[in-house]
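A look at the structure
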Amino acid sequence: MSLPLSATDRLLSVYLALSQYPILSNRIRDLMRGELFKRGFLDPKEFDQEVIQKAIQSQEREGLQHPQIEEPAEVWERRKALMRDQLTDFHFSHHLSFELIEELIEQVLNERGITHHEALYEFNPEVAPQELLFNQGMMIEKMPPAERKHLEPRLREIKVVLIRNMISDQLRYINIAQDWFTISDLAEIRTHKIGHGRIGGKAAGLLLAARILKDSVRPEIQETLRTPESYYLGSDLLYTFISVNNLVHWNDQKYKPEDEMRQDYPKIIEDYSHSEFPPGIIQRLETLLTSVGKHPLIVRSSSLLEDNFGTAFAGKYESIFCPNQGTLEENLKYLTRAIARIYASTLNPNALLYRRSKGLQDYDERMAVLIQTVEGNHFRQYHLPDLSGVAFSHNQYRWSPQIRAEEGFIRLVWGLGTRAVDRVGNDYPRLVALSHPTLRPSNTVKSIRRYSQQYVDLIDLDENKMKTLPVHEVLTGDYPPLRYLAQVDQEGYFRSIRSKLVDAEPSQLILTFEDLLRRTPFAETMRYLLKILEDEYKSPVDVEFIADVVENGGKPEIRISLIQCRPLSYMKGDSQVELPRNLDPEQIIFTSNIMVAGGWLDEINYVLFVPPEGYFTLPTQSARNKLERAIGKLNVALAEQSFICVGPGRWGTSNPDLGVHVDYADIFNCKALVELSGEGIGPAPEPSLGTHFFQDLLEGEIFPLATYIGEDTFNRTFFYDMPNRLAEWIQVEPELFDRLRLIKVSDYRENHHMELIMSGDEGRALAFLSKSPHGRDGRLQ
C-alpha cells in the first residue's frame, strides 16, 4: 500500500507542472480559471474579492499599517497578480484533476506552435524540484518509442538526478541503477518514502536487486520471488530528530578518543531513546502501521555509506524487530523507540572506529531507515520463516578441493536470519557449497549432530516479543515442511522423514536441511539468482534472504524473498602459492588445515597472543572487557607494524565464554587472525564464513585461520617462553599481563621474521621463520 498524497502534495503537483512552462504560465492559468468558472466551482466576482482580501492580509503580515498609501501602485498590482495565481492553483488542485491541466498545457503549446521537445529544456534537472522531474520523466517515458528516441538522453539525465537525490550518490551504484530503474519505479519508491533525503545503502541494494531479477529471471522463477513490503525514512529526518530534541552536542563523537566514545555511548542511547518525533512524522508512521495491520516489522539501518562497494558496514548499525501485536498506540511507541535506537547507533563506537579505519571519518554519514514486513508463517503462537540465511556468489574458503569457488555458498538456518549473519554462541548454521550442496565440512554422525542448529529465533505473537528458544521446544511433527528441514536421529544414523506422520520425539529431530538440498530446487535457484546479480553488479555479491517451502500438488515449491543485496568483499590472494618443503621443525611456528584461502604474508614482526588458559580463567565479564579494550589499544599502537593475532575459540563471538569477544575495530590493523582449539581449549570453532565479522575480515584483507592443537603444529616455546613486549607499547593493568602477550619474532631467533603462506589448493597454511634484512625486524632493537 502506498502512503497517500496530501492536499499540499496535490497543490505542489499543479504548481510544478506549470513551472515547466514559465513563459506560458499566464495563458495556462487564464484557461484554468475559465474551467473553474465554467464548472461552477468559483464565481468571478467573488474570486476577485478573495484575491483583494488575501492580498491585504499579506500586506498586514509584512507590517504595513496603511496598505493603500504605504505601497506603490505597481507593487500592489504585482501582489494581486501573485495572489491570483496562488489562489488559481489552490482551487484547481482541490476541484479538478491533474489530467485536465495536462490537456490545457497541450492546448497552449499548440496555440503557440511550440513543440514539447522545445519546452522540455526550459529548466535544469540538477536544480529543479523533484516533482518537476517526475512530471517530465513520466511524460517522456509514456511516449511511443519512435517519438521518445531523441529524448532518451534527457530521460537518462532525469533518472540519474532522481536516483542520486532519492536513493544513493555512490557512482558505482548509479552506473548500474540507471540502466534498470524506470521513472515509474522511482515514483513507486517515493510513495513509500517519508522525508526528502536519500533512503540509504541497504534500501538501495534491495531495490536494485529486486528490479534486476524482475526483468532477468525465467518466468517460473519470477513467480516464486517476493519482496517484503518496505517503507523508507529519508536521511534528512535524522537531523530533524537531532535538532528538535537538542542532541546536537553529541555530533562530535567521531573525533573523540575510543575510551571516551565508549564511555559516552550508554548515555547517548538513553538520550535518543527518550526523545520525541515531530507530529508530521508521527502522523505518517501511524498511517504506515494502519496499512500493515498486525504484521510483524523489522526496522533496519540504511546509512548512506552502508552496503556500498568496499564499505559494507556489516553489523555496525542496529536492526530491531517490532512484533507489532499491541494497540496502535503501543505499536507506534515501539516503532519510534526502534527508529531512535537506530539513529543512536550512528554514534556506536564500533561504527565510528570502522569509519576511521576506512578513511571515512569526515564523511557526513546520515542514517536513513528501512522498515519492512517480516516474511514468514504462523506456527502455533509463533511467526517465523521456514528458511533464512545469507548467500554469497563467491566461495573463497572451500572445505574440499572439489568445491567450485565461483558458484558460491550459503549460511542457512530455520527461523529468523539473525542466527545466520551473527556469530552467536552455542549454535551453528548449515554451510552449503552451491557447487556441491550436500557436501559438508565433516560427515560423521557425531559432527553433524554437534554442528546442527540448536536454537531458533522467532516472534512470539502471544507475548508480543522476539524470542530465542531451543529447537526441540518449537519443532514438532506437525510443522508443515518438517520433512525438508529435519531428519530423525536414530541409533547412529539420520533417517529422512517420508510421511506427515512422524514417529519421533522432538528431541530426535535434527535440523540437517538434507532433503531440502536433495529433493527441492532451492540450491539450484539460489545459484541461478546469485549468478544474475553478480553479472549485473560486475562484482561478487552477498544476499540476505527468507524462503518458505510450500507443497503444490505434492511437489515442493520454494518461495524466496530477498531482503538485502550488496557487493561482496573478498581476498584477492593467490590460491596457487607453494608451501615450502623440508623446513627445520624449529622454524615452524604453527600450521592450519581448516578452510584455508590462498595468500602470503611475507614479513610478520609481532604476534599478539591471548593464552587460552589465561583468557578462560578471567573471573568476571568486566575483566574480559578490560582485556578486549587492551587488545584494541594495542591494535592502534601497532598500526605501523606487521602483526597477527592468535587466541582461543571464536574471535568476534557474541558469547565471551566461547572465545575472544572483540569487534573489527579492535583488530583492524592485524594481518591475520588465528583461532585456537583442541587440547584443553575445546572443539574446533565453527567456521565463521558469511558472518558480519567474517565479512569485516575479508574487507580489511585480514586472513582468518584456525589451528587445532594436537593435530596442527603449534610451537609452545615460541608462544609461551618468549619475553612479553606488551609494556613497551601500551600500559595495562598487572592482572592482564599474563593474559595478553606481545611476542617479537626476532626474540625467538635473532634477525628473523615470520612468513605465513596459505595454499588454497592444498587447504593448508604454514607460519615459519625467515631471515630478515638488517633493521627490518620491528621498531625496538
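Conventions used here
Residues numbered from 1 in each chain as written. Predicted model: local features only at pLDDT ≥ 70, side-chain atom pairs only at ≥ 80, totals over all residues. Heavy atoms only, no water. Helix = DSSP H or I, 4+ residues; strand = E, 2+ residues; numbered from the N terminus. Buried < 20%, exposed > 50% of the residue type's maximum accessible area, 1.4 Å probe, protein only. Contact = heavy atoms within 4.5 Å. Areas by Shrake-Rupley, 256 points an atom, 1.4 Å probe, with all protein chains shown as cover. Pairing = 2+ DSSP bridges. Axes fitted to C-alpha atoms, helices over the stretch in contact; angles between N-to-C directions. Expected span 1.5 Å × (residues − 1). Arc of directions from axis to C-beta. Phe/Tyr/Trp six-rings, centres within 6.5 Å; stacked < 30°, edge-to-face > 60°. Parallel < 35°, antiparallel > 145°, perpendicular 65-115°, else oblique. Nonpolar A, V, L, I, M, F, W, Y, C, P; charged D, E, K, R; others polar. Core = buried A, V, L, I, M, F, W, Y, C linked by side-chain atoms within 4.5 Å. Polar contact = N/O pair within 3.5 Å; in protein donor to acceptor, adjacent residues only side chain to side chain. pLDDT = per-residue confidence, 0-100. Salt bridge = Lys/Arg side-chain N within 4 Å of Asp/Glu carboxyl O. Disulfide = S-S within 2.5 Å. Left-handed = near helix turned anticlockwise from the far one by under 90°.

Helix and strand counts for the protein come out as 30 helices and 27 strands. Counting all 781 residues of the protein, 57% fall into the buried class. A separation threshold of at least 6 residues defines the contact pool for the protein, and within that pool the share at least 24 residues apart is 76%. With an accessible surface of roughly 33500 Å², the protein has 49% of that area assigned to carbon and sulfur atoms.

A word on the sheet that holds strand β22 (residues 643-648). The five strands are arranged β24-β23-β22-β21-β25 in an open sheet whose pairing can be described as mixed. Each edge of the open sheet carries a strand with a single partner, namely β24 (703-709) and β25 (741-744). The average undirected angle you get between the axes of adjacent strands in this sheet is 20°. Strand direction decides the pairing type here: β22 and strand β23 (residues 672-678), joined by four bridges, are parallel. Directly across from Pro-648, in β23, lies its bridge partner Leu-676.

Turning next to helix α17 (residues 279-292). Helix length check: α17 (14 residues) gives 20 Å between terminal C-alpha atoms against 20 Å at 1.5 Å per residue, within 8%. Along α17, the residues classified as buried are Ile-281, Leu-285, Leu-288, Leu-289 and Val-292. Buried residues of α17, viewed axially, fall in a sector of 95°; they line one side. α17 presents Pro-279, Gln-283 and Thr-290 as exposed residues on the side facing more than 90 degrees away from its buried surface.

Here the focus is the packing of aromatic side chains. Scanning the entire structure with this criterion turns up 20 aromatic pairs. Judged by centre distance (6.3 Å) and plane angle (40°), the rings of Phe-277 and Tyr-343 are tilted. Taken together, the residues Phe-277 in the loop between α16 (258-273) and α17 and Tyr-343 in helix α18 (residues 328-344) connect sequence positions 66 residues apart. Phe-277 gets classed as buried once you look at its relative accessible area, which sits at 11%.

Packing of α16 against helix α19 (residues 349-357) brings their axes to within 9 Å, and their N-to-C directions diverge by 150°. When the interaxial angle is binned, α16 and α19 end up roughly antiparallel. Facing Glu-258, Met-261, Arg-262 and Tyr-265 of α16, the residues of α19 in contact are Pro-349, Asn-350, Leu-352, Leu-353 and Arg-356. Of the residues assigned to the contact of α16 with α19, the class counts are five nonpolar, one polar and three charged.

A few words on the pairing of strand β12 (residues 455-460). Most of β12 sits out of view: five of its six residues are buried. In terms of strand pairing, strand β8 (residues 382-384) meets β12 through two bridges, oriented antiparallel. When the bridges of β12 are listed, Tyr-382 appears paired with Asp-460. The pairing of β12 with strand β13 (residues 465-470) spans six bridges and is classified as antiparallel. Bridge pairing in β13 places Asp-460 opposite Lys-465. Between β12 and β13, which pair antiparallel and follow one another directly, the connecting turn spans four residues, one of which, Asn-464, has a positive phi of 55°.

Core analysis: the largest hydrophobic core is formed by 85 residues, its most contacted members being Ile-167, Phe-181, Trp-414, Phe-522 and Phe-545. Apart from residues no more than four positions distant in its own chain, Ile-167 is found in contact with Leu-162, Tyr-173, Phe-181, Leu-186, Ile-189, Arg-198, Ile-199, Gly-200 and Ala-204.

Moving on to the side chain of Ser-345. Within the secondary structure, Ser-345 sits in the loop between α18 and α19. By relative accessible area, Ser-345 is classed as buried at 0%. Looking at Ser-345, its side chain comes within polar contact range of the main-chain oxygen of Ile-342, at 2.6 Å. Beyond its immediate stretch of four places on either side in the chain, Ser-345 contacts Tyr-265, Lys-316, Tyr-317, Glu-318, Ala-351 and Met-367.

Relative to the helices and strands, Leu-133 resides in helix α8 (residues 130-141). Assessed through its relative accessible area of 0%, Leu-133 is described here as buried.

Turning next to the confidence of the model for the protein. On average, the protein scores 85 in pLDDT, and the residues at 70 or more come to 89%. In this model, residues 775-781 is a region of pLDDT below 50 whose contacts with residues beyond four sequence positions or in other chains number 22 contacts.

All right, on to the pattern of salt bridges then. Tallying each qualifying case throughout the model produces 47 salt bridges. A salt bridge links Glu-131 to Arg-190; the shortest N-O distance between them is 2.6 Å. In this pair, Glu-131 sits in helix α8 while Arg-190 sits in helix α12 (residues 183-191), placing the two residues 59 residues apart along the sequence. Among the residues examined, Glu-131 registers a relative accessible area of 13% and is labelled buried. A salt bridge links Lys-256 to Glu-260; its shortest N-O distance comes to 3.9 Å. The class for Lys-256 is buried, based on a relative accessible area of 15%. Because the salt bridges share partners, they merge into one network encompassing Arg-29, Asp-30, Arg-33, Asp-85 and Asp-89.

The next subject is the state of the cysteines. Counted by the stated rule, this structure contains zero disulfides. Cys-670 supplies the cysteine sulfur nearest to Cys-645, a cysteine that is in no disulfide, at a spacing of 4.0 Å.

Read across the open sheet, the four strands follow the order β7-β8-β12-β13; overall the sheet is antiparallel. Of all strands in the sheet, those with a lone pairing partner are β7 (377-379) and β13, marking the two edges. Sheet twist, expressed as the average angle between the axes of neighbouring strands with direction ignored, equals 45°.

Moving on: the pairing of strand β17 (residues 541-552). Consecutive side chains along a regular strand alternate between the two faces of the sheet. The buried fraction of β17 is high, at nine of twelve residues. Strand direction decides the pairing type here: strand β9 (residues 387-392) and β17, joined by six bridges, are antiparallel. Counted as the bridge partner of Leu-387 is Ala-547 from β17. Pairing analysis gives twelve bridges linking β17 to strand β18 (residues 555-567), with the strands arranged antiparallel.

Residue position: Phe-693 is located in helix α28 (residues 692-699). It is 8.8 Å that separates the C-alpha atoms of Phe-693 and Trp-651, two residues lying 42 residues apart in sequence. Non-local contacts of Phe-693, meaning those with residues more than four positions away in its chain, are made with Trp-651, Gly-652, Val-662, Asp-663, Tyr-664, Ile-667 and Leu-673.

Let us look at unusual backbone geometry. Negative phi characterises most residues that are not glycine, and trans characterises most peptide bonds. Residue Lys-538 is not a glycine yet carries a positive backbone phi of 55°. Relative to the helices and strands, Lys-538 is located in the loop between α25 (522-537) and β17. Its identity as a non-glycine residue notwithstanding, Asn-582 has a phi of 60°, on the positive side.

Another aspect to go through is the packing of α8 against helix α10 (residues 152-166). Running from N to C, α8 and α10 cross one another at 140°; their axes reach a closest spacing of 10 Å. With respect to α10, the axis of α8 lies oblique. Crossing angle aside, the handedness with which α8 passes α10 is left-handed. For the pair α8 and α10, contact is made by Gln-130, Leu-133, Phe-134, Gln-136, Gly-137 and Ile-140 and by Arg-154, Leu-155, Ile-158, Val-161, Leu-162, Asn-165 and Met-166, respectively. Taken together, the residues of the contact of α8 with α10 sort by class into eight nonpolar, four polar and one charged.

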